[in-house]
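Structural overview for review
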Amino acid sequence: MSGYRLALPAIGAPAMSSTHGSLGWSSAALLISDARVVIIDTGGPGYRAMWDVWLAADGLTRFDVSLVLATHSHWDHIGAVDWFPHARIGIGADELAWAQGAAPADPYLAPELVSALARSPRVDRLENTDEVEGIQVVPTPGHTPGHLSFAVDTDRGRILVVGDAVKNGDELSGGAFAMTMDAPASESSRQTIRAAALDDGMSLLLGHDGLYSSRLERVVPPTPRVSTFASSAIVGETAS
Ligand SMILES: [Zn+2]
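Residue positions are given per chain, counting from 1 as you read along its sequence in written order. Where totals are concerned, whole chains, interfaces and linings use all residues; where local detail is concerned, this predicted model gives features only for residues with pLDDT of at least 70, and gives and counts side-chain atom pairs only at 80 or more. No hydrogens and no water enter the side-chain calculation; it runs on all heavy atoms of the structure.

1. Quick word on the confidence of the model for the protein chain
- You can read pLDDT as the predictor saying how much it trusts each residue, on a scale of 0 to 100. Scored by pLDDT, the protein chain has a mean of 85; 83% of the residues are at 70 or more.
- Residue contacts follow a heavy-atom distance rule, with two residues in contact if any of their heavy atoms lie within 4.5 Å. Taken together, the stretch residues 10–22 has pLDDT below 50 and engages in 35 contacts with residues farther than four places along the chain or on a different chain.
- A low-confidence stretch, residues 222–240 stays under pLDDT 50, and its non-local contacts, those more than four residues away or across chains, total 21 contacts.

Here you go:
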């Protein structure tokens, strides 16, 4: 299925994040069709105000978002999920079950976020072969046990949103994983992701970096709306 427009290819504020994604700046995708407004990974809690700006650029508000998909349960990827009260929320069944057990002790999990998801009637627990609103689930464990990637047809071709299965260009090209709970699983997921690009022609949105082409080259400029937001924020501050 196709029909999505990739309205927001990536967040990852180049001036504010290293290639290893410091300060919690994670990538996100905003996909818009005639019938649906879909976000893959919301970013952290600080993304709420930015989502208002980004959605307004397409004449939308946070109440128009119909589906939020989460690659995994780390706070910097699901921290703004409560900002979209009308959206269904999709997260891996195995991921959510793991996070519920691990949350109190894991510094990358926010227990209140995880428990809110576990209780929410809007949450769909995804299986590894599911397809949601034309978006295909691709299991990519390792960074977390139930980590998922999502493949979607867009006006910019087929894209795989890989979350933190591969966080940056260094990991994509074979570098050591900065953070993995299962190194062999992460390596297998990396090969899955590289094959999606090299063999199947998909572009890749990495978890703490920009958009990469099917030839594993960074797409420039990756984050056109970040500077727009930064400019308006600065203008707003000096005007008040
Ligand atoms: Zn993560």
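2. Structural notes on the coordination of the zinc ion
- The donor set covers N, O and S atoms within 2.8 Å of the metal, switching to 3.2 Å for Na, K and Ca, and it leaves out water, so a site may look short of donors. Donor atoms from the polypeptide that bind the zinc ion are H72 (NE2), H74 (ND1), H143 (NE2) and D164 (OD), placed at 2.1 to 2.3 Å.
- The motif formed by the donor residues of the zinc ion, counted along the single chain, is H-x1-H-x68-H-x20-D. Linking H143 in the loop between strand 8 (135–139) and strand 9 (148–154) with D164 in the loop between strand 10 (157–163) and helix 5 (169–172), this pair joins segments that are 21 residues apart in sequence. Grouping residues by exposure puts H143 and D164 together as buried. Strands are runs of DSSP state E lasting at least two residues, helices are runs of H or I lasting at least four, and both sets are numbered from the N terminus onward. Burial here depends on accessible area, computed with a 1.4 Å probe over protein chains only, as a share of the maximum for the residue type. Under 20% is buried, over 50% is exposed, and the range in between is partly exposed.

3. Remarks on the sheet that holds strand 10
- Strand order across the open sheet formed by 6 strands is 7-8-9-10-11-12, with mixed pairing between neighbours. Single-partner strands in this sheet number two, and they are strand 7 (131–132) and strand 12 (211–212).
- For two strands to be treated as a pair, DSSP must find at least two bridges joining them. Across 2 bridges, strand 7 lies against strand 8 in antiparallel orientation. Each residue of the ladder has a partner; that of E131, found in strand 8, is Q136.
- Each axis is a line fitted through C-alpha atoms, taken for helices only over the stretch in contact, and angles between the N-to-C directions span 0 to 180 degrees. Those strands touched by helix 6 (residues 183–198) are strand 8, strand 10 and strand 11 (203–206), and its axis lies near 165 degrees from that of strand 10.

4. Let's talk about the pattern of salt bridges
- Should a side-chain nitrogen of Lys or Arg be within 4 Å of a carboxyl oxygen of Asp or Glu, the pair is scored as a salt bridge. Considering all chains together, one arrives at 9 salt bridges under this definition.
- Across the pair R88 and D124 runs a salt bridge, and its minimum N-O distance is 2.5 Å. Pair noted here: R88 is in strand 5 (residues 88–92) and D124 is in strand 6 (residues 123–126), with a separation of 36 residues, a long-range link.
- Across the salt bridge formed by R218 and D209, the nearest N and O atoms sit 2.6 Å from each other.

5. A short note on the packing of aromatic side chains
- Pairs were defined over the aromatic rings of Phe, Tyr and Trp, the Trp ring being its six-membered one, requiring ring centres within 6.5 Å. Orientation was assigned from the angle between planes: stacked under 30 degrees, edge-to-face over 60, tilted for the rest. Counted under the stated rule, the structure contains 3 aromatic pairs.
- On the basis of an interplanar angle of 85 degrees and a centroid distance of 5.3 Å, the ring pair of W51 and W54 is categorised as edge-to-face. Note that W51 and W54 are positioned in helix 1 (residues 48–56) at a spacing of 3 residues, about one turn of the helix. With respect to burial, W51 and W54 carry one shared label: buried.
- Since its relative accessible area comes to 0%, W51 is described here as buried.
- A ring is considered to have a charge above it if a Lys NZ or an Arg CZ atom is located within 6 Å of its centre and within 35 degrees of its normal. Stacked on the ring of W83, the Lys or Arg R62 has its end atom at 3.8 Å from the ring centre.

6. Regarding the environment of R156
- The topology assignment puts R156 in the loop between strand 9 and strand 10.
- Considered as a pair, R156 and L6 are 150 residues apart in the sequence and their alpha carbons are 6.9 Å apart.

7. Topic: unusual backbone geometry
- If you check the backbone angles, D41 has positive phi at about 70 degrees while not being a glycine.
- Residue position: D41 is located in the loop between strand 3 (37–40) and helix 1.
- Classification of D41 by relative accessible area gives buried; the value is 1%.
- Phi at L216 takes a positive value of approximately 65 degrees, unusual for a residue other than glycine.
- On the secondary structure map, L216 appears in the loop between strand 12 and helix 7 (224–239).

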